[in-house]
Amino acid sequence: MRLLRCLLPLLLLLGLASGTSPATAVPAPGASTDPSASNSATPPMGWSSWSALREGGDLTQDGIKAQARVMHDELRRYGYRYINIDAGWSDHLDAYGRAAWNTTRFPDGIPALAAYLHRMGLKFGIYLTPGVPIEAYQKNLPVYGTPYHMQDIADPTQPGNTHNDSYRIDFDKPGAQEYIQGYADLFASWGVDYIKMDFVGPGGGLVPADNRPEMTAWHRAIATTGRPMHLELSNSLSIADVATWQATSNGWRTGGDIECYCGVNGSSTPLTSWQRMSARFDQVAAWQPYGGPGAFNDYDSIEVGNGSDGGLTPDERQTQLSLWSLAASPLLLGTDLTRLDAADLKLLTNRAVIAVDQDAVDASRVSRSATAQVFAKTEPDGEVVLGLFNTGSTAQTVSVGADAAGLPASSSYRLDNLWTHEVTRSSGATVAASVPSHGVALLRVRPWGTGPAAGRPQTGLTVTAPATVETGQQATVTADFTNWGTTAATGVRVSLPVPKGWKAAAASPASFASVPPGATVRVTFRVTAPASGTQLFPTARLEATARFRWYTKPGAQGAGSTTGHTSVLLHAPVQAPFRTFASTPEPADFSQVGPALGIRAAGSDVYGSKNQYGALYLPGAEHDGSTTTVRVTWQRYQSSGAKTGIMVRNDITGADGSPGFVTVGVSAKKGYFMQWDANGDGRLDSGTAANGSGVGKPVLPSWIRLVRSGTTYTGYYSTDNVSWTRLSTADVPSAATAQDVGVFGTAANPGYPSEDDFADFTTTATS
């Protein structure tokens, strides 16, 4: 199939594939003569506007040029080339029903922008969706260069794409192929090098659609232009139709968007989350057989480049780059290149990792457990690239049998760690590494060659600690040093430096004369957290180091070290009179620093039969005449259904049925809400946002207020603590004379907590 796909453009150009005369279209001026561009022999590398810019104010010709200059100066020499504009570049149609650029955003025009990028040695990509635009159909615009019109080629009874914003093109009708050809010729004349075709079906989206005939038409049209243009399909393409995608395109998105859309106040940051990124493990495993040179599995944008604003920890950033590279996926950066983080830049420019991606070989999943996965691929020269992934919440050893990894039999192996650039020697039974939570060991492996050198032994240091530690409290931290090498590690010394304000002392021997091959030794430390905190939920990184020596030959030794780390969530305990409660299946965390209150809780939702929340409350403080106010200062969430605000209930700890139930608050994505229990069954069943939609434009910080008069409650919100908007008034006859009142949070996303921060909680009962 791939051979046919690569030959088809040439056959079409010669007029052999369809029995027609050779194409008459003249190649666009400036058409690329780079032979590698014509069939996308390696996964494309570059940048896409959607994650960081989306359709915001920086999606302009000056904004794109600014991104391009950084790519030219910092990334181009490593292989990054494409500057791709996603949705938002077009705001109207031309006279022939084709997308035209927004002249306010791009006053000099798209062709001028493409030429600017080409002069910098970069390539230009553009965005489109299939089908005949509904406006073009309604106006019955002509098809360029033909006597036909849009109503001659469109089927208005069928959606033109899975976004349902166009009509399906009927390619049995004359003029249909010509419409696509006119589009392709237009893009070629602009100097387009890459086309992202979004909402292609069968696949994901809002509605079912079938764009297979249209992708065939686009493939033919691109070949006819004579200009090499990479065609990328999006998103969540049907794996059952992969043969069509292979035959008609250069790549396809295997899943939905990697962006979490969980920024507050309209921000695009954080760009993604561990949940979104880690969902790709199964996609990589499922799609592995179908990617390769000329047609690649696409796992969406790389959200590495802007430090923590990307939404991933440093370990998770290495994991994303490692998984994408093992999978030979396009490496298209979604971050804002004008804000490149120095540490992230080092990750993005690691030539050894880039080479793993550019070999165009898709890795297979060879091992999987609840907390670890191993992917492997064999290079043409016989070397094996391994990704040992820790998907669990604590550091651990991840290992795989040499035979399962596809390694030839050997008594020992050379391991090149592609992130640390260390070369070590391991025994021949397994390949193993100490891997931090959500981290990876990316290794290039081959049999150890002959020679007198013993080789540095493969070692690891696995550091574990409690997930959370309260201020002023002690915790036990362990560091396990393991030798997987073929020679002993001697003079092993393990230390645990700690951040400022922390204290650590070894509670067991920390030095060992010799650790033989296959052995593990443990050092235990007693760690004391700072006595107080200034933030609600700061994270401390605890990194241990093991220094050791080994005999390189009789009478001669080498020296080396290995490190391991873990992260601990520090929180200050909640003070009386506040109490805490959680009904979530996962543990919740609570913190108080002065007037600031914090809740980290997961849970599925708080509405109807779902009552999974974390609450920080005052028992029995709600009564007739109460006015309760709180400032919601921040919400960090991973699901748009996350909610936070004020909760009133006869018994907040009676999550499964306590009546008198009222909530008022904000969802940073969806808006403000008030919900209540109208029938006394202990479930929220009525409200301003019964379906979770919310009202108003959410802004943080926001002030939330709940006023009680008898058993009647009125909810309000304010964005300035001066002007208040009433949400609703509700009678709740089941309310007790005295009720619990406090703040709550639910992530609407089991297993992945949101964080809700508050300040200035007041209720008239405590004044």
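Residues numbered from 1 in each chain as written. Predicted model: local features only at pLDDT ≥ 70, side-chain atom pairs only at ≥ 80, totals over all residues. Heavy atoms only, no water.

Scanning the model with the defined rule gives 26 salt bridges in all. Of the charged contacts in the structure, one is a salt bridge between R212 and D241, with a shortest N-O distance of 2.9 Å. Of this pair, R212 sits in helix 8 (residues 212-225) while D241 sits in the loop between strand 10 (230-233) and helix 9 (242-248), and the two are 29 residues apart along the sequence. Residue classification places D241 among the buried positions, given a relative accessible area of 14%. Each of R253, D257, R280 and D300 takes part in a single network of salt bridges with overlapping partners. (Salt bridge = Lys/Arg side-chain N within 4 Å of Asp/Glu carboxyl O. Helix = DSSP H or I, 4+ residues; strand = E, 2+ residues; numbered from the N terminus. Buried < 20%, exposed > 50% of the residue type's maximum accessible area, 1.4 Å probe, protein only.)

This part covers helix 8. With 14 residues, helix 8 extends 20 Å between its outermost C-alpha atoms, agreeing within 8% with the 20 Å of an ideal straight helix rising 1.5 Å per residue. In terms of residue burial, helix 8 counts as a mostly covered element, since ten of its 14 residues are buried. For helix 8, every residue scored as buried is listed here: E214, M215, A217, W218, H219, A221, I222, A223, T224 and T225. Positioned one or two residues after helix 8, G226 has a phi angle of 80°, which is positive. (Expected span 1.5 Å × (residues − 1).)

Quick look at helix 14 (residues 351-358) now. Helical geometry note: an α-helix holds 3.6 residues per turn, so side chains three or four residues apart project in the same direction. The complete set of buried residues in helix 14 reads V353, I354, V356 and D357. Buried residues of helix 14 fall within an arc of 150° about the axis and therefore sit on the same side. For helix 14, the side-chain oxygen to backbone nitrogen distance between the N-cap and A352 is 3.0 Å, and the N-cap itself is N350. Taken from the residues just after helix 14, A360 is the one with a positive phi, measuring 60°. (Arc of directions from axis to C-beta. Polar contact = N/O pair within 3.5 Å; in protein donor to acceptor, adjacent residues only side chain to side chain.)

Evaluation of the coordinates by the stated rule reveals one disulfide. Across the disulfide from C260 sits C262; the S-S distance is 2.1 Å. Its S-S torsion of about -65° marks the bond between C260 and C262 as left-handed, since a negative value means left-handed. Pair check on accessibility: C260 and C262 agree, each one buried. (Disulfide = S-S within 2.5 Å.)

So far we have only geometry, and geometry alone does not tell us how the molecule works.
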